[in-house]
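Chain by chain, the residues:
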Amino acid sequence: MPQESPPTSSPRRRAPGVRRRRGLATLAALALSTGLLAACGSEGKPTLTWYLNPDGQATFEAFAEQCSTDEYDIQTRLLPTSATDQRVQLARRLAAEDGQTDLMNLDPVFVPEFANAGWLLDLPDDTVTDDTLEGIAETVRWEDEIFAAPLWANTQVLWYRKSLAREAGLDMSQPVTWEQVIDAADSVEGATVGVQGNKYEAYVVWINAMIEGAGGTIIENPEAGVDAEVMLDTDAARQAARIIETLADSSAAQGDLSVSNEGTALAYMYGDGPGSFMTNWTFVYKNFEPGDANDYTQEQFDDLGWARYPRSVEDQESAPPVGGIDIGVGAFSQHPDFARQAAACITSVENQVELAVTDGLMPATQSAYDAPELAEAYPPDLLELFRTSVDEGGPRPKSAFYATISGAIQARWHAPSDVDPETTPERSQEFLQAVLEGKALL
């Protein structure tokens with residue numbers, strides 16, 4: 001994993017200061033060559049730069065063209081695939097007060113850090129309304145202000161081969177636990193359980209969801225920053241570690257467990273053999289849907305099943321991961337009003353519907369879920385599963401120091417085969433506490 005740039009706890013810069021710097025930057029820009037001026041748009045028409053993640057890239061590029069106006073154009077720039085690398089690239093640009101980072105796709109956990117650092121402009125109060133799904137609405141707020149616009153609300157469900165579940169004798173009409181899923185796959189030769197076990201953010205997503213599902217949390221009072229209380233030496237964290245250990249030691253573990261990601265897990269579903277159970281994001285349905293983009297058959301697609309995220313403990317509802325993408329406006333944008341307008345256009349209900357239908361990236365609003373286009377594109381029970389999983393899910397800690405928290409957990413919980421429920425939670429508790437106190441380095 002690339003080393004995280006250090007988080008900042010500096011006070012948020014307010015808009016007047018940003019405007020003064022922007023004024024100086026504008027004066028300097030007037031003295032530059034006509035070649036640089038041309039890069040900002042023909043005949044002085046501004047061009048907003050939108051940094052986007054690879055998911056849904058073609059659809060986003062269409063949104064950029066659609067949301068360009070007579071007053072400004074929008075151009076796109078692609079971020080790296082990894083959320084960790086996306087954060088590093090954006091943080092470097094924003095820390096350098098880059099005036100051409102106008103719009104950016106943000107993993108929800110980036111918002112508190114970037115807002116706290118003064119890198120995002122606040123957005124209008126009506127950016128979040130009663131129509132916004134509750135599970136994603138909280139991700140865009142920081143210190144009672146709104147710093148991003150929800151675009152899509154992601155969650156994970158348990159995907160599986162129906163034929164595999166039948167062969168294993170696992171009743172998927174009832175809630176299932178991680179232990180039941182692992183045992184079921186273990187009982188069928190060649191069957192596997194797919195997760196994200198690489199040393200990156202999605203591994204922390206898995207750990208966090210299991211801890212939340214066992215009634216725990218990684219951090220208590222995360223808004224306290226470095227003074228937050230670390231809660232990793234707990235029974236909930238030990239249960240999460242026990243699940244990881246059980247999978248890693250079983251025949252159901254995929255051969256690439258320690259480097260597995262969202263994409264690698266897909267290959268086990270319809271490869272040779274009985275298939276897999278797999279926790280993964282909403283895009284999976286469209287990925288396996290037969291069409292020109294893939295070679296999956298209708299028979300294979302009809303064998304695809306889905307259920308709520310597995311329980312960590314039998315008598316407690318699971319806490320599915322909550323993710324997605326929020327659109328932020330860079331604090332140093334030379335065209336902040338245009339950028340705010342563009343963010344509102346990009347995140348419109350109509351565009352959320354298009355993104356869900358085309359790319360399997362599900363809406364952040366109730367009205368988008370109610371659109372007839374979604375009812376035609378997805379089974380109703382799957383739509384309801386997505387929606388309830390977002391609203392009833394377990395978010396990652398909302399902290400300005402989340403990158404540090406995530407990095408410290410990865411450092412002590414990876415590789416999955418090394419996780420020990422008796423020692424890993426305690427060691428990670430001590431390490432994360434020391435990192436937050438400045439007594440240890442990642």
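Along each chain, numbering runs from 1 in the same order as the chain's sequence is written. At least 70 in pLDDT is required for a residue's local features to be given in this predicted model, at least 80 for side-chain atom pairs to be given and counted, and no such filter applies to totals for whole chains, interfaces and linings, which use all residues. Note that water and hydrogens are dropped before the side-chain values are worked out from all heavy atoms of the structure.

### As for the state of the cysteines
Condition: In this description, the term disulfide denotes a pair of cysteine sulfurs within 2.5 Å. Under the scheme used here, helices are H or I runs from DSSP no shorter than 4 residues and strands are E runs no shorter than 2 residues, and both carry numbers assigned from the N terminus. Only protein chains enter the area calculation, which uses a 1.4 Å probe; residues under 20% of their type maximum are buried, those over 50% are exposed, and those in between are partly exposed.
Under the defined criterion, the tally for this structure stands at one disulfide. A sulfur-sulfur separation of 2.1 Å characterises the disulfide bridge that pairs Cys 67 with Cys 345. Judged by the sign of its S-S torsion, about -80 degrees, the bond between Cys 67 and Cys 345 is left-handed. Residue Cys 67 is found in helix H3 (residues 57–67), and its partner Cys 345 is found in helix H13 (residues 336–346); the two are separated by 278 residues along the sequence. When its relative accessible area of 26% is taken as the criterion, Cys 345 is described as partly exposed.

### Some remarks on the packing of H3 against helix H14 (residues 349–359)
Put simply, the rule is: Only the stretch in contact is used when fitting a helix axis, every axis being a line fitted to C-alpha atoms; angles between N-to-C directions are given from 0 to 180 degrees. Each angle is binned into one of four classes, with values under 35 degrees roughly parallel, values over 145 roughly antiparallel, values of 65 to 115 roughly perpendicular, and all other values oblique. In a left-handed crossing the near helix is turned counterclockwise from the far helix by less than a right angle, and in a right-handed crossing that turn is clockwise. Working rule for contacts: check all heavy atoms of both residues, and any pair within 4.5 Å makes them a contact. Each residue gets one label: Ala, Val, Leu, Ile, Met, Phe, Trp, Tyr, Cys and Pro are nonpolar, Asp, Glu, Lys and Arg are charged, and the others, such as Gly, are polar.
As a packed pair, H3 and H14 sit with axes 11 Å apart at the nearest point and diverge in direction by 155 degrees. The angle between H3 and H14 falls in the class roughly antiparallel. Here the hand of the crossing between H3 and H14 comes out right-handed. Together, Thr 59, Phe 60, Phe 63, Gln 66 and Cys 67 of H3 and Asn 351, Glu 354, Leu 355, Thr 358 and Asp 359 of H14 make up the contact between the two elements. Looking at the contact of H3 with H14 residue by residue, the classes come out as four nonpolar, four polar and two charged.

### Quick look at the side chain of Thr 347
Put simply, the rule is: Pairs of N or O atoms are called polar contacts if they sit within 3.5 Å, as long as, within protein, a hydrogen donor faces a hydrogen acceptor (for residues adjacent in sequence, only side-chain-to-side-chain pairs).
Structurally, Thr 347 is set in the loop between H13 and H14. Accessibility expressed as a relative area gives 12% for Thr 347, which makes it buried. Among the polar contacts made by the side chain of Thr 347, one reaches the main-chain carbonyl oxygen of Ala 343 at a distance of 2.8 Å.

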